Amino acid sequence: RSRVFFPVQADLAVTLMAARYGANGWVIEQVESAPAGIDLSVVATDSSGEDIVMRRAGFLQPAALDLVSSQGVRRLEEARSIFDASAYEVDIRTARSSDGVAVDYYLVRPRQVDPSAKGVPTLITGYGAFGIALPPAYLGRAFGGEALKLWFDRGGALAVAAIRGGGERGQTWHRAAVRERRQVSYDDFIAVSQDLVTSGFTRPDRLGVFGTSNGGLLSATVGVQRPELYGAVVSDAPLADMLRYDKIAMGAAWKDEYGDPADPTIRKALAAYSPVHNIRRDQHYPPFLISVSTTDNRVGPAHARKLAWRLQEAGDEVYLIEDEQGGHGVSDPLARPDLMALRMQFLISRLMRP
């Protein structure tokens, strides 16, 4: 009735705030500060009173609804747990990109690590485009859904990089990596990957990168630019031919983000990172798993086919899964548990070898 609620994110930590208007103007107060890896939001309010329903969810926290009233906080409902989260904790860490900019990332890691393992098997993902952020979520779709349980049950870690191009630090963060500046997104992601290795947390043969759509472009690009840094790459429904992306499916709608290939300056920048155009026959690349649907009318299957073809030409280990159905969401964890199981089998077998 008398307050406006809004979540504030700073350095990947979320705080729920409330603003109340009074005789002296607006007064802002903190409602709750979430620990690392937890997302907070208000999903319902009482227009005739002050009660709210707050939702909390995180990498280790199944979605839960709390009633917040003058009598305190009461848990209304909570989704069931699927894996033993007590064996894990979440850190927020920072890496330095090639231009010195600080890049934050989540690290979901085991509490106890076997020192003889010489590196924790780690999956890393991100997005870095269109101002989209990847908030913490319990076995969220962007992180592999319930198939991720198979990874956590075996002691694997998950890193999520908040790179430029995304929305983690507002529109300035997004616009810093559009069009001819796209490479800074990949520099940020590589910096986080290197931080995981140089800190001793993992090593390249135990570090796997994955992503979907623009995230599939991200994983393919860093896998091609820094093949020695990763032990496996999953590129799902990716863009990959950036010199012709505007002529495939819905690509022409994304010129504000990637730039117009007809512009010589933009074309030069696109050619410098386009995965299809930077694969070399004299270079060894990590194993690739590429998945796509024939009916993908958003990105189109041509990108995935070309990427697989070029890697096959280079003589490297590459698998292409093209399903006739599924559209751009071919890897939906709920609709396609079989595909997600194949993906996880690929990652476990490549990154968790003794």
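A brief structural summary. (Residues numbered from 1 in each chain as written. Predicted model: local features only at pLDDT ≥ 70, side-chain atom pairs only at ≥ 80, totals over all residues. Heavy atoms only, no water.)

**Structural notes on the overall build of the chain**
Part 1: Across its full length, the chain carries nine helices and 15 strands.
Part 2: For the chain, whose C-alpha radius of gyration is 21 Å, the value lies close to the compact-globule estimate of 20 Å for 354 residues.
Part 3: Dimensions along the principal axes, computed over C-alpha positions, put the chain at roughly 70 × 50 × 45 Å.
Part 4: In the chain, buried positions account for 53% of the 354 residues.
Part 5: Residue pairs in contact within the chain that sit at least 24 positions apart in sequence constitute 63% of those at least 6 positions apart.
Part 6: Carbon and sulfur atoms provide 51% of the accessible area of the chain, an area that totals close to 15,700 Å².
Part 7: Placing the 40 positive and 42 negative side-chain charges of the chain at their respective mean positions leaves the two points 3 Å apart. (Helix = DSSP H or I, 4+ residues; strand = E, 2+ residues; numbered from the N terminus. Rg over C-alpha atoms; globule rule 2.2 N^0.38 Å. Buried < 20%, exposed > 50% of the residue type's maximum accessible area, 1.4 Å probe, protein only. Contact = heavy atoms within 4.5 Å. Areas by Shrake-Rupley, 256 points an atom, 1.4 Å probe, with all protein chains shown as cover. Lys, Arg positive; Asp, Glu negative; His and termini not counted. Charge placed at Lys NZ, Arg CZ, Asp CG, Glu CD.)

**Notes on a nonpolar patch on the surface**
Part 1: A cluster of nonpolar side chains, namely Val4, Tyr21 and Trp26, defines an oily patch on the protein surface of about 380 Å² accessible area.
Part 2: By the element assignment, Val4 lies in strand E1 (residues 3-10). (Patch = residues over 30% accessible without salt bridge, like charges linked within 9 Å, V, L, I, M, F, W, Y side chains within 5 Å. Salt bridge = Lys/Arg side-chain N within 4 Å of Asp/Glu carboxyl O.)

**Digging into the pairing of E1**
Part 1: As judged from the eight bridges shared by E1 and strand E2 (residues 13-22), these two strands associate in the antiparallel manner. Looking at the pairing, Gln9 lines up with Val14 of E2.
Part 2: The hairpin formed by E1 and E2 contains two residues between the paired strands, and Asp11 there has a positive phi angle of roughly 55 degrees. (Pairing = 2+ DSSP bridges.)

**Some details on the packing of helix H3 (residues 183-198) against helix H4 (residues 214-225)**
Part 1: Across the interface, H3 lies against H4 with an axial gap of 10 Å and an inter-helix angle of 70 degrees. As far as their axial angle goes, H4 and H3 are roughly perpendicular. Contacts between H3 and H4 pair Gln183, Tyr186, Phe189 and Ile190 from the former with Leu217, Leu218, Thr221, Val222 and Gln225 from the latter.
Part 2: Here the contact of H3 with H4 is composed, by residue class, of six nonpolar, three polar and no charged. (Axes fitted to C-alpha atoms, helices over the stretch in contact; angles between N-to-C directions. Parallel < 35°, antiparallel > 145°, perpendicular 65-115°, else oblique. Nonpolar A, V, L, I, M, F, W, Y, C, P; charged D, E, K, R; others polar.)

**Here's the deal with the packing of aromatic side chains**
Part 1: With the rule as written, the count across this model stands at 11 aromatic pairs.
Part 2: For the pair Phe83 and Phe152, a centre-to-centre distance of 5.0 Å together with 35 degrees between the ring planes defines the contact as tilted. Of this pair, Phe83 sits in the loop between strand E7 (72-78) and strand E8 (88-96) while Phe152 sits in helix H1 (residues 148-152), and the two are 69 residues apart along the sequence.
Part 3: With a centroid separation of 5.8 Å and an interplanar angle of 85 degrees, the aromatic rings of Phe130 and Tyr258 are classed as edge-to-face. Separated by 128 residues along the polypeptide, Phe130 in the loop between strand E10 (122-125) and H1 and Tyr258 in helix H5 (residues 255-258) bring together distant segments of the chain.
Part 4: When its relative accessible area of 33% is taken as the criterion, Phe130 is described as partly exposed. (Phe/Tyr/Trp six-rings, centres within 6.5 Å; stacked < 30°, edge-to-face > 60°.)

**Some remarks on H4**
Count 3.6 residues to each turn of an α-helix, and residues three or four apart come out pointing the same way.
Part 1: With 12 residues, H4 should cover 16 Å at 1.5 Å per step; its first-to-last C-alpha distance of 16 Å lies within 8% of that length.
Part 2: The element H4 is largely enclosed, with a buried count of 11 among its 12 residues.
Part 3: Of all the positions in H4, only Asn214, Gly215, Gly216, Leu217, Leu218, Ser219, Ala220, Thr221, Val222, Gly223 and Val224 are classed as buried. (Expected span 1.5 Å × (residues − 1).)

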